[in-house]
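Analysis of the macromolecular model
Below are the chains, spelled out letter by letter.
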Amino acid sequence: MMNNKKNSFRTPILWCLLFFSLYGLNDGNAQLNQNQLKFKNPIGNGADPWVIKHNGYYYVCQSNGDINSKGISVSKSNKLSQLGKPVTVWNTPAAGWNSSQVWAPELHYFNKKWYIYYAAGKAGPPYIHQRSGVLESVTDDPQGEYVDKGILNTGVDAGNETGMIWAIDVNVGHIAGKLYAVWSGWEQNATTDKTSQHLYIAEMSNPWTISSARVKISSPDQPWETGGPLDLNEGPQFLMRNDQVFIIYSTRESWTPEYRLAQLKLKDPSKSPLDAANWEKRGPVFQGTAKVLGTGHASFTQSPDGKEWWVFYHTKKSSTPGWARDLRLQKFTWRTDGNPDFGIPIPAGVSLPVPSGE
């Protein structure tokens, strides 16, 4: 009888504890656990990382393997700080202008179709054959089948077998309702890959057609863009916020510790981006330290809840010249004048809070 009374007395207390564990204490613990979630750089191996956020997922597009890649893969993850399993979506043809050397593919979404912009060449080294092309998805699945939409008009050279001028790192974006492509290219084709690279922009009539003449908007002409074995501008990326338009690009040499990010800003968004005088340059805006080498070729996205901005970039694994690189994430902020503030690259192995909402 005494045992039954004790059990009767305990029952309300047990129900109260269960209630608070489910509806009260658990919320606090969940928030605490969220605040304690961490990740460390690097988050993967590779180079030229491209990420796009779409319907709650992060898709990362990369070439398969090293600089001599012959394929493109897309991975899918609901977490920015964790890469998904890569799925090969396209392999190079057996022959032709794009049969080898696949570099820096990017994944974009327009009108319920996915488009991959990439550079490739028929051979190399020397890397004198690089041209740019575009793939179109058959369905709205970014990890599904793609068809080749052909080579992009990155500058006409009637004397070349492709008819085009050397070009890599095509990025696309809308400005004032019009679609534009920006890329890194040569002024004219050459017989050596020791040729300076510049940034060009042109208008597009659709996602696979460049419809205007190219306009050069940047050359490696600043002291912090020169001084190494080869002066170059490459890896341009549109970054837009609050009606301001930026192009964040890489300069110096990708195979050296001096690789870094710089910035172009559209001075008057109401005027044409095809006017070279409408762009102003500053930099470097993100560069390496003694512990972080060769920061470059970045892409940009926001946290799952949209409250934070993140830069996804690569660094060199050692100071030795070469293309052994890894992938890193870092949160960045915005200055009161509207310019992005990328801060200083954080060394590998440091625990960082995961993106907000992850």
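Report on the accompanying structure. Predicted model, so just to flag it, every value in this text is computed and none were measured.

Conventions and cut-offs
- Residues numbered from 1 in each chain as written.
- Predicted model: local features only at pLDDT ≥ 70, side-chain atom pairs only at ≥ 80, totals over all residues.
- Heavy atoms only, no water.
- Salt bridge = Lys/Arg side-chain N within 4 Å of Asp/Glu carboxyl O.
- Buried < 20%, exposed > 50% of the residue type's maximum accessible area, 1.4 Å probe, protein only.
- Phe/Tyr/Trp six-rings, centres within 6.5 Å; stacked < 30°, edge-to-face > 60°.
- Lys NZ or Arg CZ within 6 Å of the ring centre and 35° of its normal.
- Core = buried A, V, L, I, M, F, W, Y, C linked by side-chain atoms within 4.5 Å.
- Helix = DSSP H or I, 4+ residues; strand = E, 2+ residues; numbered from the N terminus.
- Contact = heavy atoms within 4.5 Å.

Section: the pattern of salt bridges
- Here the structure, examined in full by the defined rule, presents 11 salt bridges.
- Taking the shortest distance from any N to any O, the salt bridge between Lys194 and Asp193 comes out at 3.1 Å.
- You can call Asp193 buried: its relative accessible area is 19%.
- Across the pair Asp341 and Arg335 runs a salt bridge whose closest N-O atoms are separated by 3.6 Å.
- Overlapping salt bridges, with partners in common, bring together Asp221, Glu225 and Lys281 in one network.

Section: the packing of aromatic side chains
- Taken as a whole and assessed by the stated rule, the structure comprises 20 aromatic pairs.
- The interplanar angle of 40° and the centroid separation of 6.2 Å between the aromatic rings of Phe110 and Tyr115 together place this pair among those described as tilted.
- By relative accessible area, which is 12% here, Phe110 ends up buried.
- Site record: aromatic cluster; members linked through ring pairs are Phe246, Phe286, Phe300, Trp309, Tyr313, Phe332, Trp334 and Phe342.
- Looking at Lys76, its charged tip hangs above the ring of Tyr57, at a distance of 4.2 Å from the centre.
- Here the guanidinium or amino end of Arg214 rests over the ring plane of Tyr200, the centre of that ring lying 4.0 Å away.

What to know about the nonpolar core
- In terms of nonpolar packing, the biggest core is built from 17 residues, with Ile72, Leu107 and Ile116 touching the most fellow members.
- Put simply, the parts of the chain that give this core at least two residues each are strand 3 (50-54), strand 4 (57-63), strand 5 (71-77), strand 6 (87-91), strand 7 (100-110) and strand 8 (113-121).
- Looking at this core element by element, the count peaks at 4 residues for strand 8.
- Among all residues touching Leu107, those that are not within four sequence positions of it are Trp50, Ile52, Tyr59, Cys61, Val74, Trp114, Tyr115, Ile116, Pro142 and Tyr146.

This is a description of form; function is not addressed.
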